[in-house]
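Spelled out from the first residue to the last, the chains are:
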Amino acid sequence: MSVRPQQALRRLPSTLVNRIAAGEVVERPASAAKELVENAIDAGAHRIVVSLKEGGRTFLSVVDDGVGMTRDELELAVERHCTSKLPDDDLDDIRTLGFRGEALPSIASVSRMTVTSRPAGAETAWSLEIDGGARGEPRPAAHPFGTRVEVRDLFFATPARLKFLKEPRTESGHVADALRRLAMAHPAIGFRLDSDERTLIDLPPAAPSLIEKKDANGRDAGRLARLGAIMGREFADNTVAIDANREGFRLTGFAGLPTLNRPTSQHQYLFVNGRPVRDKLLVGAVRGAYQDFLARDRHPLVALFLEAPTGMVDVNVHPAKTEVRFRDAGIVRGLIVGALRTALAAAGHRASTTVADAALGAFRPHTGQALALPMGASRSVSLPPRGLAEAAAQFMAPLGQPSARIEPAAEQAANGNGAAYPLGVARAQLHETYIVAQTAEGVVIVDQHAAHERLMHERLKDQLETDGIKRQALLLPEVVEVGEDGVRRLAGRMGELADMGLVLEPFGVGAVVVRETPAVLGELDVQGLVRDLADELAELGDHLSLKEKVEEVCGTLACHTSVRAGRRLSVEEMNALLRQMEATPHSGQCNHGRPTYVELKLADIERLFGRR
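Position numbers for residues count from 1 along each chain, tracking the sequence in the order it is written. A pLDDT threshold of at least 70 governs which residues receive local features in this predicted model, and a stricter bar of 80 or more applies before side-chain atom pairs are shown or counted, although totals over entire chains, interfaces and linings include all residues. Water and hydrogen atoms were dropped before computing side-chain values, which therefore reflect all heavy atoms in the structure.

A.B. asks: Just checking my understanding: could you explain the overall build of the protein chain for this structure?
C.D. replies: Strands here are runs of E lasting at least two residues and helices are runs of H or I lasting at least four, both read from the DSSP assignment and numbered beginning at the N terminus. For the protein chain, the helix and strand inventory stands at 20 helices and 26 strands. Counting over 612 residues, the protein chain shows a buried share of 46%. The criterion used for residue contact is that any of the two residues' heavy atoms lie within 4.5 Å. Partitioning the intrachain contacts of the protein chain with sequence separation of at least 6 by distance along the chain shows that 69% fall at a separation of at least 24. With an accessible surface of roughly 31,700 Å², the protein chain has 53% of that area assigned to carbon and sulfur atoms. Throughout this description, buried means an accessible area under 20% of the type-specific maximum (1.4 Å probe, protein chains only), exposed means over 50%, and partly exposed covers the range between. Here the Shrake-Rupley method, with its probe set to 1.4 Å, supplies the accessible areas, and only the displayed protein chains count as covering residues.

Here is the structure:
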């Protein structure tokens, strides 16, 4: 094998250096747009307009009304590591989005760029062209106050990078995502994105009267309006406000109610000192805060804004500045988890309005009129397949004894119209599963199993945190077969399970005997409970204590003892359940994030029947 000759050390040409830097900073058109928009924000812009052609591959421009640059500043701006954002040369005190001075020269080295700028008070603007890193001379130009950066033929100087770009629609989507994230953090700035003559984003600046103004629920009105425009109206209508402090850190923002959730975590946003970041710390902290309320495959919607002392966070750890490193990540995680749990607890039994919207959307008014046929269509119909007519006749036959029970009139009068209670008073039970209650403004339908499951869950947690869970001995100990592996897992956790009120021990090969259970649970399905716990311990592994997963274990205990669907409840039991729900935090959703009740406003019901 031949040996390559040793090459002499040499300094790379500046054009090549800039292209190498561009490979780190500018991955795609969205990266270039993000860097240029951040520059505009740092320049004090009130309005930023981004324009694209072919997803930004052939043309990308960013226009702002910021402070602008003089001729001398314009020439310096396209030099590497020239910046106005580190006045004291202190990387521990970064107060702007940009600070390295790499964006303009890096983008210019792989494209054909034109920068035109005019500072306030200047008689003329100046324009500078850079072609693949080769800089021209500044020339006078006509331009209003502010700066315009045009980028043409991105990556023409590095054709290999072009092969990795996606379709124009995909690249435009990445630009839009980057712009939305910046817009969330800066509601006082207007943002617009045009792509091939189509307007994808048009967000006016928040009115000065809304900036720092609180709405009726104490929420930041300007920021909430911007988040609602980006994340959807349902997010704005179903959030709780976050405002917490810890050791110099301040966390503000909005968290969606647990019943407003999605199958992925892509609707979770974290901003650190106004900078959008993607951090696993956020995903982990949010999951920890919501683990008591959501199934493992569901994720909440949140937008959190962290104000951190500049000396406690390092933003210079990633070329694209999308990641940060905290000096003490534990403080930040504890702040996020604590603030979210406190806000969710304050929401009480509140559930997302999307639950009621979905219920109302499922109703289809039936007028009894025949469906109109298209003009010229024949009214002859084909005969149904054999057996279908018989099945239809059986389906349309009168029902047997209805599975419903209505509260007697005397008791209805005694309980009133529900005006004194948020969840009203019980009027009926349907299918031995759903409680129908009347409120002052409409009707509430409660899933009795889901509601009681949440109540038992919260009661178990309260006992565990105070005096410990009280136990009751079984008159006849129950033997449960769980297999040899299950016995090994349960036996290794006997002490922790006993602290949670469940006393068991190995019993022969592949079985355990249960001698005591949590007293608060009353009668429960011991067989199903122990088997489920054995399965969950297999997923948990040996590296975490049950105390660290107390919500999941309590949830499993509660699920096997709650009021089951199919059980008839008396009027007193139904009303007692409603009153407990009103007094219990998080009772608007069960342990899996499903709603425990649906509230239908009288006005919405009247609309269904055409009364409004």
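A.B. asks: What is the right way to read the environment of Ala 206 from this model?
C.D. replies: Among the secondary structure elements, Ala 206 is positioned in the loop between β9 (198-203) and α7 (221-231). Once the C-alpha coordinates of Ala 206 and Ala 225 are considered, the two residues, 19 residues apart in sequence, prove to be 7.8 Å apart.

A.B. asks: Explain the nonpolar core to me, please; I cannot follow it from the model alone.
C.D. replies: Here is a general trend for soluble globular proteins: nonpolar side chains tend to be buried in one another's company. Among the buried residues, those of types Ala, Val, Leu, Ile, Met, Phe, Trp, Tyr and Cys that are joined through side-chain atoms within 4.5 Å form a nonpolar core. In this structure, Val 37, Ile 48, Val 50, Met 113 and Met 231 are the most contacted members of the largest nonpolar core, which totals 57 residues. Each residue touching Ile 48, except ones within four places of it in the same chain, is listed here: Val 37, Ala 40, Ile 41, Val 62, Val 63, Asp 64, Ile 189, Gly 190, Phe 191 and Arg 192. Residues Leu 270, Leu 281, Tyr 290 and Leu 304 belong to the second largest nonpolar core, which totals 36 residues.

A.B. asks: Is there a simple way to think about the environment of Leu 476 in this case?
C.D. replies: Topologically, Leu 476 is positioned in strand β23 (residues 471-481). Since its relative accessible area comes to 68%, Leu 476 is described here as exposed. Along the backbone, Leu 476 and Val 514 are 38 residues apart, and their C-alpha atoms lie at a distance of 9.2 Å.

A.B. asks: Teacher, can you tell me more about the packing of helix α14 (residues 448-465) against helix α19 (residues 571-583) here?
C.D. replies: Angle between the axes and distance between the axes: these two values describe a pair of packed helices. The geometry of α14 relative to α19 is characterised by a closest axis approach of 10 Å and an angle of 50° between their N-to-C directions. Between α14 and α19, the crossing angle belongs to the class labelled oblique. For α14 against α19, the interelement crossing comes out left-handed. Of α19, the residues touching α14 (which contributes Gln 448, Ala 451, His 452, Leu 455 and Arg 459) are Leu 577, Gln 580 and Met 581. Its residues assigned to classes, the contact of α14 with α19 comprises four nonpolar, three polar and one charged. Angles shown run from 0 to 180 degrees and are taken between the N-to-C directions of axes, each axis being a line fitted to C-alpha atoms and, for helices, limited to the stretch in contact. Angle categories: roughly parallel below 35 degrees, roughly antiparallel above 145, roughly perpendicular from 65 to 115, and oblique for all the rest. The crossing is said to be left-handed when, going from far helix to near helix, the turn is anticlockwise and less than a right angle, and right-handed when the turn is clockwise. Note on residue categories: nonpolar means Ala, Val, Leu, Ile, Met, Phe, Trp, Tyr, Cys or Pro, charged means Asp, Glu, Lys or Arg, and polar means any other residue, Gly included.

A.B. asks: Can you walk me through the sheet that holds strand β10 (residues 239-246) in this structure?
C.D. replies: Backbone hydrogen bonds are what pair the strands of a sheet, in a parallel or an antiparallel way. Note on pairing: two strands pair once DSSP finds at least 2 bridges between them. Strand order in this open sheet of five strands is β10-β11-β16-β13-β14, and the pairing throughout is mixed. Bordering the open sheet on either side are β10 and β14 (275-277), each of which pairs with just one other strand. Neighbour to neighbour, the strand axes of the sheet diverge by 20° on average, direction disregarded. Examined bridge by bridge, β10 and strand β11 (residues 249-256) share eight bridges and lie antiparallel to one another. Across the sheet, the residue bridging to Asp 243 is Thr 252, located in β11. The strands that helix α6 (residues 168-185) touches are β13 (268-272), β14 and β16 (302-307); relative to β13, the one it contacts most, it runs at about 60°. Contacting β10, β11, β13 and β16, α7 crosses the sheet at an angle of about 140° to β16.

A.B. asks: For this particular structure, what's the right way to read helix α10 (residues 329-346)?
C.D. replies: Think of an α-helix as 3.6 residues a turn; residues three or four steps apart then line up on the same face. Here a helix's expected span is defined as the number of its residues, less one, multiplied by 1.5 Å. In this model, α10 (18 residues) spans 26 Å end to end at C-alpha, consistent with the 26 Å of a helix rising 1.5 Å per residue. Looking at α10, one finds that the buried residues are Ile 331, Val 332, Leu 335, Ile 336, Val 337, Ala 339, Leu 340, Ala 343 and Leu 344. Elements in contact with the buried residues of α10: β10, β11, α9 (280-290), β16 and β18 (325-326). Gly 348 occupies a position one or two residues after α10 and carries a positive phi of about 60°.

A.B. asks: Explanation requested: the sheet that holds strand β24 (residues 503-506) in the structure shown.
C.D. replies: With antiparallel pairing, three strands are arranged side by side in an open sheet as β23-β25-β24. Two strands in the sheet have a free side with no partner beyond their single neighbour: β23 and β24. Strand-to-strand, the axes of this sheet are offset by a mean angle of 15°, without reference to chain direction. Of the pairings in the sheet, the one linking β23 to strand β25 (residues 511-518) comprises seven bridges and is antiparallel in character. Looking at β25, one finds that Arg 471 is bridged to Pro 518.

A.B. asks: It is not clear to me how the packing of aromatic side chains should be interpreted in this structure. Could you clarify?
C.D. replies: The description of an aromatic ring pair uses the distance of the two centres, along with the angle that the planes make with each other. Between the rings of Phe, Tyr and Trp (Trp by its six-membered ring), a pair exists once the centres lie within 6.5 Å; its type follows the angle of the planes, with under 30 degrees stacked, over 60 edge-to-face, and the other angles tilted. In the structure shown here, the tally under the stated rule is one aromatic pair. With 4.7 Å between their ring centres and 10° between their planes, Phe 271 and Phe 305 make a pair best called stacked. Of this pair, Phe 271 sits in strand β13 while Phe 305 sits in strand β16, and the two are 34 residues apart along the sequence. Pair check on accessibility: Phe 271 and Phe 305 agree, each one buried. In this scheme, Lys NZ or Arg CZ marks a charge over a ring once it lies within 6 Å of the ring centre and within 35 degrees of the ring normal. Taking the ring centre of Phe 59 as reference, the NZ or CZ of Lys 53 above it sits at 5.5 Å. Positioned over the ring face of Phe 156 is Arg 112, at 3.9 Å from the centre of the ring.

A.B. asks: Is there a simple way to think about unusual backbone geometry in this case?
C.D. replies: Both trends apply: most residues other than glycine have a negative phi, and most peptide bonds are in trans. Even without being a glycine, Asp 153 presents a positive backbone phi close to 50°. A positive phi angle, close to 50°, is found at Glu 247, a residue other than glycine. Inspection of the secondary structure assignment puts Glu 247 in the loop between β10 and β11.

A.B. asks: Whenever I open this one, the confidence of the model for the protein chain confuses me. Can you help?
C.D. replies: Regions with low pLDDT should not have their predicted coordinates read in detail. For every residue, the predictor assigns a confidence score, pLDDT, that lies between 0 and 100. Per-residue confidence for the protein chain gives a mean pLDDT of 80; residues scoring 70 or more make up 75%. Residue range residues 366-389 is modelled with pLDDT below 50. Its contacts to residues more than four positions away, or to other chains, number three contacts. Segment residues 391-400 is flagged for pLDDT under 50; beyond a separation of four residues in sequence, or across chains, it makes zero contacts in the model.

A.B. asks: Looking at this structure, I do not really get the pattern of salt bridges. What am I missing?
C.D. replies: A side chain of one charge can pair with a side chain of the opposite charge if their charged atoms are brought near each other. Salt bridge, as used here: a side-chain nitrogen of Lys or Arg that lies within 4 Å of a carboxyl oxygen of Asp or Glu. Scanning the entire structure with this criterion turns up 24 salt bridges. Among the ionic pairs, Arg 112 bridges to Asp 131, the shortest N-O distance being 3.5 Å. Remark: Asp 131 occurs in strand β4 (residues 125-131) and Arg 112 occurs in strand β3 (residues 112-118); sequence separation between them is 19 residues. Close ionic contact of Glu 505 with Arg 515 constitutes a salt bridge, the shortest N to O distance being 3.2 Å. Placement of Glu 505 in strand β24 and of Arg 515 in strand β25 is noted, with a sequence separation of ten residues between them. Connected through shared salt-bridge partners, Arg 112, Asp 131 and Asp 153 make up one network.

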